[in-house]
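# Structural overview
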Amino acid sequence: MEPGSRGAAPGGVSVSAVLPAGGSGERLGGATPKQFCAVQGRPLVSYAVRAMERISWISDIIVVVSPENIETMKTIIEKYGHKRVTVVEGGITRHRSIFNGLKVFAENEFSSSLLQKPEVVIIHDAVRPFVEEDIISKVVMAAKEHGAAGAIRPLVSTVIASAADGCLDHSLERARYRASEMPQAFLFDIIYEAYQQCTDYDLDYGTECLHLALKYCKTNAKLVEGTADLWKVTYKRDLYAAESIIKDNLSQQVCVITNVKETLAQVGFLLLESLKSQIKVEAISVSLSKNNSCLQNVVSGQCYNFVCVNDKSCALQETQELVDMLERSNIPLLYPVVLISVHLDISNNSFSIGMEDLNMIKKFARETKKKNILVYGLLIQYKDPLLLQETVNSAAALIMALIKDRNPELIGQLLVA
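None of the values given here were measured: they were computed from a predicted structure.

All right, on to the overall build of the chain then. A tally of regular secondary structure across the chain gives 13 helices and 17 strands. Here the chain holds 417 residues, and the buried ones make up 52% of them.

A few words on the sheet that holds strand S11 (residues 222–225). Sheet strands pair via backbone hydrogen bonds, and the direction of the pair is either parallel or antiparallel. A sheet is described by the order of its strands in space; here seven strands give the open sequence S5-S4-S1-S6-S10-S7-S11, paired in mixed fashion. Of all the strands in the sheet, just strand S5 (85–89) and S11 have a single pairing partner and so form its edges. The sheet shows a mean angle of 25 degrees between the axes of neighbouring strands, direction not considered. Relative to strand S10 (residues 178–187), strand S7 (residues 148–154) is paired through six bridges, and the arrangement is antiparallel. In the strand pairing of S10, Ala148 is matched with Phe186. The sheet strands contacting helix H7 (residues 209–217) are strand S6 (120–123), S7, S10 and S11, and the helix crosses S10 at an angle near 60 degrees.

Once that is clear, we can look at the state of the cysteines. Taken as a whole, this structure holds zero disulfides when the rule is applied. The thiol sulfur of Cys217 is not disulfide-bonded, and the nearest other cysteine sulfur, from Cys198, lies at 9.9 Å. According to the relative accessible area criterion, Cys217 is buried, its value standing at 17%. No disulfide involves Cys303; its sulfur sits 5.6 Å from that of Cys255, the nearest cysteine. In this structure Cys303 comes out as buried when scored by relative accessible area, which is 0%.

As a further point, take the pattern of salt bridges. Under the criterion given, the structure shown has 13 salt bridges. In this structure, Arg128 engages Asp125 in a salt bridge whose closest nitrogen and oxygen atoms are separated by 2.9 Å. Per residue, the accessibility class of Arg128 equals that of Asp125, and both read buried. Salt bridges sharing partners connect three or more residues here, namely Arg94, Asp125, Arg128 and Glu181.

What follows deals with the packing of helix H5 (residues 188–197) against H7. The contact between H5 and H7 brings their axes to 9 Å, and the two run at 80 degrees. Accordingly, the angle class assigned to the pair H5 and H7 is roughly perpendicular. Of the residues in H7, those in contact with Ile190, Ile191, Glu193, Ala194, Tyr195 and Gln197 of H5 are Cys209, Leu212, Ala213, Tyr216 and Cys217. Looking at the contact of H5 with H7 residue by residue, the class counts come to nine nonpolar, one polar and one charged.

With that out of the way, let us pick up unusual backbone geometry. With an omega of 10 degrees, the peptide bond running from Met182 to Pro183 counts as cis. Within the secondary structure layout, Pro183 lies in strand S10. Phi angles above zero are rare outside glycine, and Lys218 is one such case at about 55 degrees. The residue Lys218 is located in the loop between H7 and S11 in this model. Even without being a glycine, Arg406 presents a positive backbone phi close to 50 degrees. Tracing the sequence through the fold places Arg406 in the loop between helix H13 (388–405) and strand S17 (414–416). Among the residues examined, Arg406 registers a relative accessible area of 2% and is labelled buried.

On to the confidence of the model for the chain. On average, residues of the chain score 85 in pLDDT, and 86% of them are at 70 or above. Confidence, expressed as mean pLDDT per element, reaches its minimum in the chain at helix H10 (residues 293–299) with 68 and its maximum at S6 with 98. The low-confidence segment residues 1–6 (pLDDT under 50) makes 25 contacts with residues lying over four places distant or belonging to another chain.

All right, on to the nonpolar core then. Within soluble globular proteins, side chains that are nonpolar tend to cluster in buried spots. Ranked by internal contacts, the top residues of the largest apolar core, which has 61 residues, are Leu271, Leu275, Phe306, Val307, Ile340 and Ile399. Here this core spans two domains, and each of domain 1 (15–235) and domain 2 (251–416) adds at least three residues to it. By size, the runner-up hydrophobic cluster in this structure holds 39 residues, among which are Phe36, Trp57, Ala143 and Ala151.

Among the six residues of strand S1 (residues 15–20), six are classified as buried, and the element is accordingly described as predominantly covered. Taking every second residue as pointing to the same face, both faces of S1 are buried, with Val15, Ala17 and Leu19 on one and Ser16, Val18 and Pro20 on the other. Both S1 and strand S4 (residues 58–65) contribute to a ladder of five bridges, which runs parallel. Pairing of Val15 across the sheet is with Ile58, part of S4.

Cut-off values and rules
Residues numbered from 1 in each chain as written. Predicted model: local features only at pLDDT ≥ 70, side-chain atom pairs only at ≥ 80, totals over all residues. Heavy atoms only, no water. Helix = DSSP H or I, 4+ residues; strand = E, 2+ residues; numbered from the N terminus. Buried < 20%, exposed > 50% of the residue type's maximum accessible area, 1.4 Å probe, protein only. Pairing = 2+ DSSP bridges. Axes fitted to C-alpha atoms, helices over the stretch in contact; angles between N-to-C directions. Contact = heavy atoms within 4.5 Å. Disulfide = S-S within 2.5 Å. Salt bridge = Lys/Arg side-chain N within 4 Å of Asp/Glu carboxyl O. Parallel < 35°, antiparallel > 145°, perpendicular 65-115°, else oblique. Nonpolar A, V, L, I, M, F, W, Y, C, P; charged D, E, K, R; others polar. pLDDT = per-residue confidence, 0-100. Core = buried A, V, L, I, M, F, W, Y, C linked by side-chain atoms within 4.5 Å. Domains from an automatic or database assignment.

Below, the structure is given as structure tokens:
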């Protein structure tokens, strides 16, 4: 999923990124720093790393963490298969951590093996998981031209100043001001020189990198209008908001897979027609045992939801083949993939799936969960052709609920439509 971009960096410059991730997360509350809190089963910092990693023209990604979290970060890199990442020990403040991240390109004393110094360096908070290549490209291009650049957003609230007695002193004209966001980008030599010159007070109490470039290198940053999703996770409610955004992003498309059997094809057609009003649907009629380029394209695209319509006798076999294909595509390392195995029951019995079948489904789902694939079972009982559309509509509603909720506690269950 999300294949890396192709081609050179904007403007043909070499680019690397520094992600400060050394905060304690005091405002979030709890024992775990916010950058290591799980969102959809994956640490927040991993999303930020992936946002940079999927852009092939970013040569190196430096993640700066506090000394006690170095091993934790290395474990995350290994578990999620991150590439081009170097973990660096941070300082006691944000600016000191960023400075340490820059030093790996410039100081032999700081790093045993210097990385190649980039022309442009991106600085982006590890707790800002939603950043797209478009805005990164824009700040890189602006930094190449102006020496420094940063994303901004309009102020949501009016900024006021209070007097010594706690009463209103004055307010700022909101239309004239902007909130400074991330990513920011700099010509490496400019931001590195700024950090070399800045005072201990700046290193200990400052937060704005653009200000350092202006103060010490007389480099006036170009401000680039950013999108609404550049906010950072600060409080616990932000974690819930981030999870909601991820779930919504993952619930935009579903691939419905059927084979060529007449009855299955009919149910698959009715199912996708019912789903079309709620979600983008890719419909594929194929035997999973065969190499199918159309399905491969869907798997390697940005689809994280799959519905496989089977007759119950071969459901697990074909579902396993789809799991194998998903594993080869590398998507389980990114976000939880939902795989719904739809069992079509055309027998005359009220419930023809036995306990052995149910136990096999549960065992299979437990194993695939380790690969970040969430498997659910759904039974469509095809008894009365006149009621088939109603039954399929109920099945579609259950499918949408599973896709949107992505609840790992429901894996291996067999729901009945």
